[in-house]
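Next come the chains, spelled out residue by residue.
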Amino acid sequence: MANTAEVIKQRYGNPFDVTKALERAASQGIGALSEDDLFMCKWLGLYTHRHEREFFMLRTRHPNGFVTPAQLDTLAEIAEKKNKGYADITTRQDFQLHWVHVSQTLEILQQLKAAGIATQGACGDILRNIVGCPVAGVDKEELFDASPTAFALNAFFLSDPAYANLPRKYKIGVSACRTWCAHPEIQCLAFVGASRQGPSGPELGFDVRVGGGLATQPFISQRLNAFVRPEEAVDVARHITDIWRQDPVYREKRHHARLKFLIHDWGVPKFREALEQRLGRPLTPASEDYQEPAESFRDHVGVHAQKQPGLYYIGAPVLVGRITGVQMRKIADLSRRYADGQSLRLTVRQNLLLLNVAEAHVDKVLGHLRDAGLSISAHPIRRSVVTCTGSEFCKLAITETKARSRQIVEYLEKRVPLEEPLRLHITGCPNACAQYQVAHIGLMGSKAKVDGQVVDAYDILVGGRLGQGAGFNHALVRRVPAAECAKRLEQLLLGFKRQRKPREGFSDWCGRIGDEALIKLLTEGAAHPLAGVEPVPIPPVPEADGPVYG
């Protein structure tokens, strides 16, 4: 039997017909939207606010994180004139606007469309924004520029209405950089730059990975052992998607509807065989000497020489991904004055890059960024933190995240002198929009009772890895009251500084000293960061992915 979401989709038909309902609501108010309408609004990138019933948060769509200064100006204008002056950069290289009133929703959508900014498919059971290396085309070390493939995939899946009704959300990553900054380990489908020796000499293309994903039942993607040439990527992606899309089993239970579960259930050999049958040909085997990159930090912050002589890209850290209209206008202006006036990029770490800056202008750009509160000389914690929307706006969140993350960063940067960034991810619920499971340190929202009062709390997890040996972190202590988290992390990080071996990474250090020693650092020897903290039952999170397997 199909789940409730499938019933709604079948009843509704074309999800983009929700535009008609929004036209009605523009004059009649939010009450004119049925529950079906509100569900289908996600296909236009719209979610209703947690507390303010007549307001939406709105996600945009920027394949591979590409943004122009003109588009940034448009987003700034909307944020300043129609919202409350800011937007959030997300972990899928797009923007999220807040305070979008139901009466202005269609007007804002049209304004975005006129600027070349799409919102279709930013949410819903559809292909989400395709992520990629934000310096594709300018990176000196990349195998090749993979962004054309990302745009080709985006165009194909959005042009065919059949792919607007997938079993659940669908996430694709495309990159040919050597550091895997687009995190192919956690994508449903990832095309990863690779080379092989072909009949006529070396060939460049993609190694294919399938079945990654996070939420309450996380999986690391698995190699398909297939080499795909760029011109084959759309066809291969179409057939991979169809295997999942057309299998009725993955439309029965909402929490079992992701591609990662099909790969887990079938195994890669069976899936590969099914894919070859659909393609009508055998897949080209991947290179035998293929190697995954070593664990590394991938944020692109700072000044970096491009492959184009005399040009540089500059990555600006955006604290917790929240950027003001003033900052957006400043960056757009800097691109026009000191770069090519065309090329800006968003990153999966919620930061923003200016490309094609002439060497003579680098210092000027850095000065202007510093004046705008976007200095590249940020403390490693400031440049490394990633957060989700949190309970400020999101209906699924258990805890507030943005303000708390800012407080943690400001506390730690004054007390812990780190030399290199580490991944600190703070998320408000198990759905893992902030990707906390792959963080060196992850904080996952919970609740605790202190002196009879229910307060925000976090589980503290450590040890996530990407690249070689990719794996998820694990919980050390649970239900740490949010007000205590900064102090506890200070003790943990100071312990890391004291005890690490030369060039030893954080997760390696965690594995070497063991959980017992780590817990002592976090709790200062106590059984729990606050004695007497009572657990508070957490209600099930709607739309959670699982768990499916014990």
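Look a little higher up for the structure.
Just so it is clear, the structure is predicted and the values come from calculations on it, not from any experiment. (Residues numbered from 1 in each chain as written. Predicted model: local features only at pLDDT ≥ 70, side-chain atom pairs only at ≥ 80, totals over all residues. Heavy atoms only, no water.)

Undergrad: What is the right way to read the overall build of the chain from this model?
TA: Looking only at helices and strands, the chain features 15 helices and 21 strands. Over its C-alpha atoms the chain spans a radius of gyration of 23 Å, differing by no more than 12% from the 24 Å that the globule rule assigns to 550 residues. Counting only C-alpha atoms and orienting by the principal axes, one finds that the chain spans roughly 65 × 60 × 55 Å. Going through the 550 residues of the chain one by one, you find that 61% of them count as buried. Contacts in the chain between residues at least 24 apart in sequence constitute 70% of all its contacts with a sequence separation of at least 6. (Helix = DSSP H or I, 4+ residues; strand = E, 2+ residues; numbered from the N terminus. Rg over C-alpha atoms; globule rule 2.2 N^0.38 Å. Buried < 20%, exposed > 50% of the residue type's maximum accessible area, 1.4 Å probe, protein only. Contact = heavy atoms within 4.5 Å.)

Undergrad: What's the story with the pairing of strand S12 (residues 311–316) in this structure? I'm lost.
TA: In summary, the side chains of a regular strand alternate between the two faces of the sheet. Among the six residues in S12, five count as buried, and that is most of the element. With four bridges joining them, strand S11 (residues 302–305) and S12 adopt antiparallel strand pairing. Bridging from a neighbouring strand, Ala305 pairs with Tyr312 of S12. The turn joining S11 and S12, which pair antiparallel and follow one another in sequence, is formed by five residues; a positive phi near 80° is taken by Gly310. Two strands pair when backbone bridges link them, and S12 and strand S15 (residues 352–358) are joined in this way by five bridges, in the antiparallel orientation. Within the sheet, the bridge partner assigned to Ile314 lies in S15 and is Leu354. (Pairing = 2+ DSSP bridges.)

Undergrad: Looking at this structure, I do not really get the pattern of salt bridges. What am I missing?
TA: If the charged atoms of two oppositely charged side chains come close together, the side chains can form a pair. All told, the structure shown has 35 salt bridges when counted by the stated rule. Between Glu6 and Arg251 there is a salt bridge whose closest N-O contact spans 3.0 Å. Of the two residues, Glu6 sits in helix H1 (residues 4–12) while Arg251 sits in the loop between helix H7 (233–245) and helix H8 (259–266), which places them 245 residues apart along the sequence. With respect to class, Glu6 is no different from Arg251; both count as buried. One salt bridge in this structure joins Arg238 and Asp235, with 2.7 Å as the shortest N-O distance. A residue pair is termed a helical-turn pair when its members lie 3 or 4 positions apart in one helix, as Arg238 and Asp235 do in helix H7 at three residues. (Salt bridge = Lys/Arg side-chain N within 4 Å of Asp/Glu carboxyl O.)

Undergrad: Sorry, what's going on with the nonpolar core here?
TA: Of all hydrophobic cores here, the largest spans 57 residues; its most connected members are Phe56, Leu72, Phe95, Met328, Ile331, Leu352 and Leu369. Aside from chain neighbours lying at most four places away, what touches Leu369 is Ile314, Ala316, Ile331, Leu334, Leu354, Leu374 and Ser375. Counting 40 residues, the second-largest nonpolar core is a separate cluster that includes Tyr163, Ala176, Phe191 and Val228. (Core = buried A, V, L, I, M, F, W, Y, C linked by side-chain atoms within 4.5 Å.)

Undergrad: Sorry if this is basic, but what is going on with unusual backbone geometry here?
TA: Leaving glycine out, the prevailing phi sign among residues is negative, and the prevailing peptide bond configuration is trans. The phi dihedral of Ala215 falls on the positive side, at around 60°, and the residue is not glycine. In the Ramachandran plot, Gln435 falls in the positive-phi region, its phi being about 55° despite a non-glycine side chain. Examined against the element boundaries, Gln435 turns out to sit in the loop between strand S17 (424–427) and strand S18 (441–450).

Undergrad: Honestly, the sheet that holds strand S13 (residues 322–324) in this entry has me stumped. Any pointers?
TA: Paired through backbone hydrogen bonds, the strands of a sheet run either parallel or antiparallel to each other. If you trace the five strands from one edge of the open sheet to the other, you get S1-S2-S5-S4-S13, paired in antiparallel fashion. On the outer flanks of this sheet lie strand S1 (46–48) and S13, each paired with one strand and no other. The sheet shows a mean angle of 30° between the axes of neighbouring strands, direction not considered. Where S1 lies against strand S2 (residues 55–59), three bridges are found, and the strand directions are antiparallel. (Axes fitted to C-alpha atoms, helices over the stretch in contact; angles between N-to-C directions.)

Undergrad: Just checking my understanding: could you explain the packing of aromatic side chains for this structure?
TA: For any pair of aromatic rings, geometry is given as the distance between the ring centres together with the angle between the planes. All chains considered together, the criterion is met by 16 aromatic pairs. Here Phe144 and Phe206 contribute two aromatic rings whose centre-to-centre distance is 5.3 Å and whose plane-to-plane angle is 65°, an arrangement assigned as edge-to-face. Note that Phe144 is positioned in the loop between strand S6 (131–132) and helix H6 (147–159) and Phe206 in strand S9 (residues 201–210), a separation of 62 residues in sequence. Each member of the aromatic cluster is reached from another via a ring pair, and the members are Phe156, Phe157, Tyr163, Tyr170 and Trp244. (Phe/Tyr/Trp six-rings, centres within 6.5 Å; stacked < 30°, edge-to-face > 60°.)

Undergrad: Is there a simple way to think about the state of the cysteines in this case?
TA: Where two cysteines share a covalent bond between their sulfur atoms, that bond is called a disulfide. Scanning the model with the defined rule gives zero disulfides in all. You can see Cys123 has no disulfide; the closest cysteine sulfur is in Cys433, sitting 9.6 Å from it. The closest cysteine sulfur to the non-disulfide-bonded Cys433 is located on Cys388, 6.2 Å from its own sulfur. By relative accessible area, which is 45% here, Cys433 ends up partly exposed. (Disulfide = S-S within 2.5 Å.)

Undergrad: It is not clear to me how H8 should be interpreted in this structure. Could you clarify?
TA: Think of an α-helix as turning once every 3.6 residues; residues three or four places apart then point the same way. Along H8, the residues that are buried comprise Leu259, Lys260, Phe261, Leu262 and Ile263. Its buried side turned inward, H8 meets S9, strand S10 (222–228), H7 and helix H9 (268–279). Trailing H8 by a residue or two, Gly267 shows a phi angle of about 85°, which is positive.

Undergrad: Please clarify how the sheet that holds strand S14 (residues 344–346) should be interpreted in this entry.
TA: One open sheet holds the five strands; their spatial order is S3-S14-S15-S12-S11, and the pairing between them is antiparallel. Each of the sheet's edge strands pairs with one partner strand only, and the pair in question is strand S3 (66–67) and S11. The strands touched by helix H10 (residues 325–338) within the sheet are S14 and S15, with S15 carrying the most contacts at an inclination of about 15°.

Undergrad: Explain H1 to me, please; I cannot follow it from the model alone.
TA: Taken together, the buried positions of H1 are Ala5, Glu6, Ile8, Lys9 and Tyr12. Buried residues of H1, seen end-on, are gathered within an arc of 160° and therefore sit on one face of the element. In H1, the exposed residues that point more than 90 degrees away from the buried face are Thr4, Gln10 and Arg11. At its buried positions, H1 is contacted by helix H2 (18–28) and helix H3 (35–40). (Arc of directions from axis to C-beta.)

Undergrad: What am I meant to see in the packing of H6 against H7 here?
TA: Axes are the key here: two packed helices are described by the angle between their axes and the distance separating the axes. Contact geometry of H6 with H7 gives a least axis separation of 10 Å together with a crossing angle of 45°. The pairing of H6 with H7 is recorded here as oblique in orientation. Seen along the crossing, H6 lies across H7 with a hand that is right-handed. The segment H6 lies against H7, with Thr149, Ala152, Leu153, Phe156 and Phe157 engaging Ala233, Val234, Ala237, Arg238 and Thr241. For the contact of H6 with H7, the class distribution of residues is seven nonpolar, two polar and one charged. (Parallel < 35°, antiparallel > 145°, perpendicular 65-115°, else oblique. Left-handed = near helix turned anticlockwise from the far one by under 90°. Nonpolar A, V, L, I, M, F, W, Y, C, P; charged D, E, K, R; others polar.)

Undergrad: Before we go on, may I ask you to explain the side chain of Thr60 in this structure?
TA: Residue placement: Thr60 occurs in the loop between S2 and S3. Note on Thr60: relative accessible area 0%, which makes it buried. Within the local environment of Thr60, its side chain forms a polar contact with the side chain of His62, the two groups lying 2.9 Å apart. Residues contacting Thr60, with those up to four places away along its chain left out, are Leu75, Asp94, Phe95, Leu112, Ile117, Ala118, Thr119 and Ala122. (Polar contact = N/O pair within 3.5 Å; in protein donor to acceptor, adjacent residues only side chain to side chain.)

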